Amino acid sequence: MSSMLWSAPVADGPLDAVVEIPGSKSLTNRHLVVAALADARTRVVGALRSRDTDLMVEALSALGVGFEWIDSSTLLVTPLAEEALREEAPVSIDCGLAGTVMRFVPYVAALLRRPVTFDGDAAARVRPMGAVIAGLRALGADVVGGEDGFLPFTVTGSDRVAGGEISLDASGSSQFVSGPLLVGARLPRGLVVRHSGGAVPSPQHVEMTVETLRAAGVDAAVGSDGVSWSVAAGPLQPGDVVVEPDLSNAGPFLAAALVCGGRVAIPRWPSSTTQIGAEWERLLPRFGARVHREPDAFGTEQLVVTGDGRISGVEADGLAELAPTAAALCALADGPSTLTGIAHLRGHETDRLAALATELSAVGSPTVETEDGLVISPSGELRPTVFGSYEDHRMATAGAIIGLAVEGLKVENIETTSKTMPDFPAMWADMLSQKASVAGAADTQTPDQAGGVA
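Residue indices follow the written sequence of each chain, beginning from 1 at its first position. Residues qualify for local features only when their pLDDT is at least 70, as the model is predicted, and side-chain atom pairs are given and counted only at 80 or more; totals for whole chains, interfaces and linings, by contrast, use all residues. Hydrogens are left out, water is left out, and the side-chain values use all remaining heavy atoms of the structure.

> Please give an account of the overall build of the protein chain that cites residues and values.
Scanning the protein chain for helices and strands turns up 14 helices and 23 strands. In terms of overall size, the protein chain behaves like a compact globule, its C-alpha atoms giving a radius of gyration of 22 Å where 454 residues would be expected to give roughly 22 Å. If one aligns the C-alpha atoms of the protein chain with their principal axes, the spans along those axes are about 70 × 45 × 45 Å. Buried residues are those whose accessible area, probed at 1.4 Å on protein chains only, stays under 20% of the maximum for their type, while exposed residues exceed 50% and partly exposed ones sit between those limits. Expressed as a percentage of the 454 residues in the protein chain, the buried residues total 59%. Pairs at least 24 apart in sequence give 71% of the contacts found in the protein chain among residues at least 6 apart. Working definition of accessibility: Shrake-Rupley area with a 1.4 Å probe, residue cover restricted to the visible protein chains. With the model as given, the accessible surface of the protein chain reaches about 16400 Å², and the carbon-plus-sulfur share is 50%. Computed over 32 positive and 55 negative side-chain charges, the separation of the two mean positions in the protein chain equals 4 Å. Per the convention used, a helix needs a DSSP run of H or I reaching at least four residues, while a strand needs a run of E reaching at least two, with both numbered from the N terminus. When we talk radius of gyration, it's over C-alpha atoms, and the globule rule is simply 2.2 Å times the number of residues to the 0.38. What makes two residues a contact is simply this: any of their non-hydrogen atoms within 4.5 Å. Under the counting rule used here, the positive set is Lys and Arg, the negative set is Asp and Glu, and His together with the chain ends is not counted. In this description, the location of a charge corresponds to atom NZ of lysine, CZ of arginine, CG of aspartate or CD of glutamate.

> How would you sum up the sheet that holds strand 20 (residues 367–369)? Please name residues and give values.
A pair of strands counts as paired when DSSP detects no fewer than two bridges linking them. Read from one edge of the open sheet, four strands run 18-19-21-20, paired in mixed fashion. With partners counted over all chains shown, the strands left at the sheet margins are strand 18 (315–317) and strand 20, one partner each. Ignoring which end each strand starts from, the neighbouring axes of this sheet average 10° apart. Summarising the sheet, strand 18 and strand 19 (residues 337–340) pair through three bridges and their orientation is parallel. Within strand 19, the residue paired with E315 across the bridge is T338. Each axis is a line fitted through C-alpha atoms, and for a helix only the stretch in contact is used; angles between axes span 0 to 180 degrees, taken between their N-to-C directions. This element, helix 10 (residues 323–331), spans strand 19 and strand 21 (374–376) of the sheet and lies at about 165° to strand 19. Where helix 11 (residues 352–363) meets the sheet, it contacts strand 20 and strand 21, and its direction lies at approximately 160° from that of strand 20.

Everything listed is a geometric property; what it means functionally is a separate question.
Structure representation (C-alpha cells):
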C-alpha cells in the first residue's frame, strides 16, 4: 500500500447537492481513436482530461496524430497523415494502467509499418492481453513478445493487414472486441469480428463502440447471431462530437444520497446512451432510493436520487464496472446482498473481487467471493480501517462511500482516482458542503435518521 492516506469525510447531515460530472473516459478514448483515423480534423467537445485520456493522447501522438487543446475540455484532433503510415522508426508507448490504450492502440499500430512497443505500469503487466495478441496476429500483424498473454510486446504492421474475418475469445473483456472494430473501416476488406468464448462482459461497451462508429458515418452492424460484429471499409467522418458525462463516475455521488440522506442531482443526464452507468437509474431504487428526472440549468435533464439514510440489500447481476460502488452500498445495507455475473472483474485494474472481499470484510462487512461474484453480509458494526485502493480508481471511490458512514476511515492512495476524475477529493468535498435545509431534510428523513448511517 502507498503511504499516502486520505481521511474520508464522514456524513454530518442530509445533502441537497448538484454535481457536474466530467466527460466519459470510455467515450472520450473511443472518439480519439476514431478521430485519429478520420478523413479530416475532428473537434471533440467535453473531452475528459484524466490520466487515462492523457495516456491515449500521448500514445496516438507517438504514432503521428496531432492534438491541440482549444480549451479545458475541447480537443482538436488532426488524423494520421500518409507520411505517418509510411514511417519506419520504432516507437514505444506507455499504456500506464489504461485498458483502452493497451487494447485499442495496438490495432492502430497494426496499420503502420513501424515497430511499436507497448508496455505499462507493473499492474498492467498482469492484465489479460492474450485476445489482443491473437487478434493482431489473425489480422496479419507481426507481434514479438507477449507469448504469456501479457505486456510488453511489439507490433509491426504489413500489407497483410487488410481485414476480413477474425475469431477471438472476448469473455475476458469487451475491449477485445472494440479494439479491432475501431480500425475496421480503415482496412481494405473491412472487418468481421466473431466471438468464440463465453458471454462477453459489459456488452454495453461494444454497443458504445458500434454507435461511435455509426456516428462517424461508418457502416457498422451486430450479426444476427449476437456474437459477431461487422465494419465496412470506408471513410470516417465524425465532424464535431460532444462527449456525455461519465455516468459510471456519477455512481459514487448518487450513492452518497443513500448514505447521507437528502438528494444528489447529476446535470446533463442523457436521454439515451450506451453507457452502462445508465443502469443507476434502475439499480438505485432497489437499494431504497427514489429516482427521477427533472429539468436542469443547462436546458437538458438531471437525474435526481433521494435517500433517507436506509439502504436495502440487493441481488444484482452483470453490474460490470458499477460493481465496486454497488458493493460499497451493500456493505452499508440492512441485509445481505449477492452480486453475480462479474467474474471478469478479476482482470481489471486489480482483481476487484478479491480486493472488495478483503476491504469490505476488514471494515466489518464480511464478504465472500463466489465463482462469478460476491456475497456481502453486513454486520452492522463497521470499524475504521485503512481501505486499500490497489491502484484502482473504483476501489478508491468505494472507500470514500463507506467513509461517509465510518468515522476515521482512511483511503490509501486516493490520487488513483485521477485515472478518470481529475480532482475527485475536491468534488467529493464540494458535494458534502451542499447541505439540505432543515425543512428539506424533513421531507426525506425521520428524526432518528438525521445523521445518516453510522
